Amino acid sequence: MSTYIVLLGPPGVGKGTQAKILAERTGLAHISSGDLFRENIKNQTELGLRAQTFINKGELVPDDITIGMIRERLSLPDCAAGAILDGFPRTPPQADALQALLAEFGGHVHRVPFITASEEVLVERLSGRWTCRAQGHVFHEKFNPPKQPGVCDLDGSELYQREDDKAETVQRRIRVYFEQTASLVSYYKEQGLLVEIDGAQPIEQVTEQLFAALK
Ligand code: ADP
Ligand code: ADP
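The paragraphs below set out a description of the structure included in this document. (Residues numbered from 1 in each chain as written. Chains lettered and ligands numbered in written order. Predicted model: local features only at pLDDT ≥ 70, side-chain atom pairs only at ≥ 80, totals over all residues. Heavy atoms only, no water.)

## Quick look at helix 4 (residues 63–74)
Turning to step 1, where the next piece is worked out: When the terminal C-alpha atoms of helix 4 are compared, their 16 Å separation across 12 residues agrees well with the 16 Å that a helix rising 1.5 Å per residue should span.
Turning to step 2, where the next piece is worked out: Residues of helix 4 that are buried include every one of Ile65, Thr66, Met69, Ile70, Arg73 and Leu74, and no others. Taken down its axis, helix 4 places every buried residue within 155 degrees of arc, on the same side. For helix 4, exposure combined with an orientation more than 90 degrees from the buried face picks out Asp64 and Glu72. (Helix = DSSP H or I, 4+ residues; strand = E, 2+ residues; numbered from the N terminus. Expected span 1.5 Å × (residues − 1). Buried < 20%, exposed > 50% of the residue type's maximum accessible area, 1.4 Å probe, protein only. Arc of directions from axis to C-beta.)

Next up, the structure:
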């Protein structure tokens, strides 16, 4: 049976950081909707061009575009054993679509770790986030600094600050999270899948709590 894990939580709480660690340790594929969009933008695909305007404003990309992209990604062979979903679903229609999609593949959502932190922590994490150009590895200038400033430890590529990590857009993204995504907490709670994780702890401790919750 394939194992699908959905990481839920506000922007900047550490979903991507934890998803990468989980994927490495479990061998499951890591699917980040944000990374997929950024890859499409970098390659100037039609999907990337459509998504870009929404992303730069800190708004959600429309459901039909997002669901189509995830459907395609989940159909690839490296997802046969399951996947860790980071940043998808973000709306109730996306959650319904995921359920239907996994049923098609003979699977279901196994568990939904809901990572939390105060708004103050989120803003501090997003404003100090540095992202790697080549593969989207993330660092933080204070909490998880690269060995050499501006250079990715893992692949040597340039680190940059995302356009949507600017203070003004960060506020908008947090608001959008509360308006459009936060209702998924009760959606998954009702299905008995939700486990709350304290995301305000250091990275290693969050990982420990996550593994305990997934056992
Ligand atoms: P998300 O994918 O939820 O937006 P990220 O994983 O990109 O979050 O993390 C946001 C920023 O916070 C990054 O700069 C990352 O290095 C840093 N970070 C992630 N988890 C923690 C943590 N537990 N403590 C301190 N900083 C963290
Ligand atoms: P963060 O790591 O800060 O949570 P992401 O990298 O996940 O941000 O997403 C960046 C942007 O990409 C979002 O602000 C949104 O515009 C778009 N996006 C990502 N995932 C989705 C999704 N599931 N639905 C709609 N838009 C999305």
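After that view, the rundown keeps rolling.
## Concerning the pattern of salt bridges
Turning to step 1, where the next piece is worked out: For the coordinates displayed, the defined rule picks out 15 salt bridges.
Turning to step 2, where the next piece is worked out: Between aspartate 78 and arginine 73 there is a salt bridge, with its nearest N and O atoms 2.7 Å apart.
Turning to step 3, where the next piece is worked out: Among the residues examined, aspartate 78 registers a relative accessible area of 41% and is labelled partly exposed.
Turning to step 4, where the next piece is worked out: Judged by its relative accessible area of 16%, arginine 73 is buried.
Turning to step 5, where the next piece is worked out: Of the charged contacts in the structure, one is a salt bridge between aspartate 165 and arginine 173, with a shortest N-O distance of 2.9 Å.
Turning to step 6, where the next piece is worked out: Of the residues examined, aspartate 165 reaches a relative accessible area of 8% and is grouped as buried.
Turning to step 7, where the next piece is worked out: One connected set of salt bridges, linked through shared partners, spans Arg129, Arg162, Asp164, Asp165 and Arg173. (Salt bridge = Lys/Arg side-chain N within 4 Å of Asp/Glu carboxyl O.)

## Focus: the sheet that holds strand 7 (residues 159–160)
Turning to step 1, where the next piece is worked out: Pairing is antiparallel in the open sheet, where 3 strands are placed in the order 6-5-7. The open sheet has two edge strands, strand 6 (138–140) and strand 7, and neither has a second partner.
Turning to step 2, where the next piece is worked out: Judged from the 3 bridges that link them, strand 5 (residues 129–132) and strand 6 form a sheet pairing that is antiparallel. What sits directly across from threonine 131, in strand 6, is valine 138. (Pairing = 2+ DSSP bridges.)

Shape is all these values report; function is a separate question.
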